[in-house]
Amino acid sequence: MTTDMIESNNTKSSAPLLTQRYLRMVTKDGHSTFQMDGAQGKGLAYLRDAWGILMDMRWRWMMLVFSASFVIHWLVFAVLWYLLAEMNGDLELDHDAPPDNHTICVKYITSFTAAFSFSLETQLTIGYGTMFPSGDCPSAIALLAIQMVLGLMLEAFITGAFVAKIARPKNRAFSIRFTRSAIVTHTKGTPYLMFQVANTRSSPLTSVQISAILYQEQENGQLHQTSVDFHLDSITSDECPFFIFPLTYYHSITPSSPLAALLQREAAHHFELVVFLSAVQEGTGETCQRRTSYLPSEIMLYHRFASTLARNAKGEYQIKMENFDKTIPELPAAADSKSQKRTDKEIRINGQHADSFQLSETGLTE
């Protein structure tokens, strides 16, 4: 009978807080799901921020835009070279034996294909030597100068965009990983909301800052925002100076906490907790940012995170990322009456404990 009651309590503790599905504002990988509808001047705003659009564009679309810009540039000037040859009467002439009183603007442009080839050779400075403009045709020299100036501007813009997109700190942020679920555990009789974040690369990050916003939809359709403070162990500053191993951030759920009433099973309130992380790359000094969100169904009561730190045979620290999203279920009675006395053999690093509970994967619903 007692065993059945313990198993029943353990099952209840691992159940999601709310069973109703809600669409999230921020995805687990940090993308916003908001859609702008009915905004005036949206197209003009995009044109004014062409550089920002290119930076946010996926690589396949960026390559398509750049390839199309070069092809369009060549085609436009191919049309202009063809019109120049037609207006000058060069299309129907024998370029090897032209009349004595006629000056050919561009040698051997007798078709649109030849004009496109000359436009391509001019832009890329290939210079095969067959087609060339005449110095006695001012129109050809002027058109050549215009194409070269515009072509150099286009190449400089594209080269800068490629370098900026490759070197931007956003790529470094992809190596920052949050746990798929947050947990509520009890220490000294006080409940704490916790989540973990890991740096999956060996190069450390510095000046790590964490902030969190609680979003709640009110009856009038407005979103109410509340700041939620998270702390890291006994670090008193707002920044963590060194980020190389997984960190566990916690929020004390006191009666004044905005999460105190929301995390009760009797309260059927929907909310979304969005967590923001910013850190500085040690090598470049650039700031990278990462964010994620947690729904009520992704907050596990009476659980603890499995330990991710261990030592090998040489005494070196090892990070077990296979345990990063695993949790250890706790019995509510054991969590509330947990003693602070620990055995000498137990390892406690960054708020993580290693007990004899069986590890369980956290089942999530987005």
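What comes next is a walk through the structure. Since this is a predicted model, take the numbers as computed values, not measurements. (Residues numbered from 1 in each chain as written. Predicted model: local features only at pLDDT ≥ 70, side-chain atom pairs only at ≥ 80, totals over all residues. Heavy atoms only, no water.)

Notes on unusual backbone geometry
Phase 1 of the analysis: Not every positive phi belongs to a glycine, and Lys188 is a case in point at roughly 55°.
Phase 2 of the analysis: Following the sequence through the fold, Lys188 ends up in the loop between strand E2 (182-187) and strand E3 (190-199).
Phase 3 of the analysis: The exposure class assigned to Lys188 is exposed, which follows from its relative accessible area of 65%.
Phase 4 of the analysis: One non-glycine residue, Asp233, lies in positive phi territory at about 50°.
Phase 5 of the analysis: Among the structural elements, Asp233 can be located in the loop between strand E5 (223-228) and strand E6 (239-240).
Phase 6 of the analysis: Classification of Asp233 by relative accessible area gives partly exposed; the value is 32%. (Helix = DSSP H or I, 4+ residues; strand = E, 2+ residues; numbered from the N terminus. Buried < 20%, exposed > 50% of the residue type's maximum accessible area, 1.4 Å probe, protein only.)

Digging into the environment of Pro133
Phase 1 of the analysis: Structurally, the position occupied by Pro133 is in the loop between helix H5 (112-124) and helix H6 (138-167).
Phase 2 of the analysis: For Pro133, a relative accessible area of 24% puts it in the partly exposed group.
Phase 3 of the analysis: Sequence separation of Pro133 and Tyr108 is 25 residues, and the distance between their C-alpha atoms is 9.7 Å.
Phase 4 of the analysis: If we skip the residues at most four places from it in the chain, Pro133 touches Cys105, Val106, Phe118, Ala140 and Leu144. (Contact = heavy atoms within 4.5 Å.)

Some words on a positive patch on the surface
Phase 1 of the analysis: Where like charges cluster on the molecular surface, the positive patch consists of Arg58, Arg60, Lys170 and Arg291.
Phase 2 of the analysis: Within the element layout of this structure, Lys170 appears in helix H7 (residues 170-173). (Patch = residues over 30% accessible without salt bridge, like charges linked within 9 Å, V, L, I, M, F, W, Y side chains within 5 Å. Areas by Shrake-Rupley, 256 points an atom, 1.4 Å probe, with all protein chains shown as cover. Salt bridge = Lys/Arg side-chain N within 4 Å of Asp/Glu carboxyl O. Lys, Arg positive; Asp, Glu negative; His and termini not counted. Charge placed at Lys NZ, Arg CZ, Asp CG, Glu CD.)

With respect to a nonpolar patch on the surface
Phase 1 of the analysis: A cluster of nonpolar side chains, contributed by Val71, Ile72, Leu75, Val76, Val79, Leu80, Leu83, Met87 and Phe112, occupies part of the molecular surface with about 760 Å² of accessible area.
Phase 2 of the analysis: At eight residues, helix H4 (residues 59-88) tops the list of elements feeding residues into the nonpolar patch.
Phase 3 of the analysis: Its relative accessible area of 43% is what places Val76 among the partly exposed residues.

Quick notes on the side chain of Lys165
Phase 1 of the analysis: Looking at the element boundaries, Lys165 is found in helix H6.
Phase 2 of the analysis: Look at Lys165: it is buried, it has no salt bridge, and the nearest opposite charge is Asp56 at 6.9 Å.
Phase 3 of the analysis: Ignoring any residue separated from it by four or fewer positions in sequence, one finds Lys165 in contact with Leu54, Met55, Asp56, Met57, Arg58, Trp59, Met62 and Asn171.

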